[in-house]
Amino acid sequence: MEVQPSGRLRMSFKNATILITVLNLIAAIFLLHSFLSSSSSPSKFSSKYSSAELSYIKESEEIRRAMRPMELIKRVKEIQQEAFPNSEIVEPKDTKQTAAFDLSKRLKDFRSLNDASSLKALEEWRKRKMERARRRELEKNGTASFQA
């Protein structure tokens, strides 16, 4: 960096590159330090609740689980099995897996339809090409009478 006689600071590309690199390094060190300091202090999260609040939370979870109508759920399953003895209740599959299966099936169907239409179009193109070649050959031989 040079100081010009007019008082302005002149900066070259090399000096600007070095300055930006140093600023980037400082920012990276700052971000790394803040990330490591936040992840290494689990005491912030454990002190979020007092022991009384933790016991209250555990108790409320137990009450919620106890209020679930387990007998009713078992009875409903028994009734379903009695009503439909041969069919088993199918558990719902993972939605992503089901969606992926449906998508692959649709793509296969699309490919088969596309292949059939492609083959048909290719056959028509071959017929037209052969007809044009036959017409050119007839015109080249001097017999302009061709049948369409």
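Since the structure is predicted, the reported quantities are computational estimates derived from the model, not experimental observations. (Residues numbered from 1 in each chain as written. Predicted model: local features only at pLDDT ≥ 70, side-chain atom pairs only at ≥ 80, totals over all residues. Heavy atoms only, no water.)

Peer 1: What should I look at first to understand the overall build of the chain in this one?
Peer 2: Along the chain, the regular secondary structure elements total five helices and two strands. Here the chain holds 148 residues, and the buried ones make up 1% of them. Surface accessibility of the chain: about 14600 Å² in total, with carbon and sulfur atoms responsible for 61%. (Helix = DSSP H or I, 4+ residues; strand = E, 2+ residues; numbered from the N terminus. Buried < 20%, exposed > 50% of the residue type's maximum accessible area, 1.4 Å probe, protein only. Areas by Shrake-Rupley, 256 points an atom, 1.4 Å probe, with all protein chains shown as cover.)

Peer 1: Just checking my understanding: could you explain the UniProt feature "transmembrane region" (unreviewed entry) in the chain for this structure?
Peer 2: Per the UniProt record, "transmembrane region" (unreviewed entry) is annotated on residues 16–36. The distance separating the terminal C-alpha atoms of residues 16–36 is 30 Å; by composition the span is 100% helix and 0% strand. (UniProt positions renumbered as here; feature names shortened; annotations may be inferred.)

Peer 1: Looking at this structure, how should I read a positive patch on the surface?
Peer 2: Together, Arg-128, Lys-129, Arg-132, Arg-136 and Lys-140 line one region of the surface with positive charge. For Arg-128, the location among the structural elements is in helix 5 (residues 95–140). By relative accessible area, Arg-128 is classed as partly exposed at 42%. (Patch = residues over 30% accessible without salt bridge, like charges linked within 9 Å, V, L, I, M, F, W, Y side chains within 5 Å. Salt bridge = Lys/Arg side-chain N within 4 Å of Asp/Glu carboxyl O. Lys, Arg positive; Asp, Glu negative; His and termini not counted. Charge placed at Lys NZ, Arg CZ, Asp CG, Glu CD.)

Peer 1: Explanation requested: a nonpolar patch on the surface in the structure shown.
Peer 2: Nonpolar side chains collect at one region of the surface, where Met-11, Ile-18, Leu-19, Val-22, Leu-23 and Ile-26 lie side by side and expose about 540 Å² of accessible area between them. Of note, Leu-19 is situated in helix 1 (residues 13–39).

Peer 1: I tried to follow the confidence of the model for the chain on my own but got confused; where do I start?
Peer 2: Close inspection of predicted coordinates is inappropriate in any region flagged by low pLDDT. In this model, the chain carries a mean pLDDT of 80, and residues with pLDDT of at least 70 account for 78%. Highest mean pLDDT in the chain belongs to helix 1 (92); lowest belongs to helix 2 (residues 43–46) (52). (pLDDT = per-residue confidence, 0-100.)

Peer 1: For this particular structure, what's the right way to read the pattern of salt bridges?
Peer 2: Side chains bearing opposite charge may pair, as long as their charged atoms lie close to each other. All told, the structure shown has six salt bridges when counted by the stated rule. A salt bridge links Glu-61 to Arg-64; its shortest N-O distance comes to 3.1 Å. With Glu-61 and Arg-64 both in helix 3 (residues 51–66), this residue pair falls three residues apart, about one helical turn. Residue classification places Arg-64 among the partly exposed residues on the basis of a relative accessible area of 48%. Linking Arg-126 and Glu-123 is a salt bridge whose minimum nitrogen-to-oxygen distance equals 3.4 Å. Taken together, the residues Arg-126 and Glu-123, both in helix 5 and three residues apart, mark about one turn of the helix. Glu-123 sits in the partly exposed class, given a relative accessible area of 38%. Salt bridges here are not isolated pairs; linked through shared partners, they connect Glu-61, Arg-64 and Arg-65.

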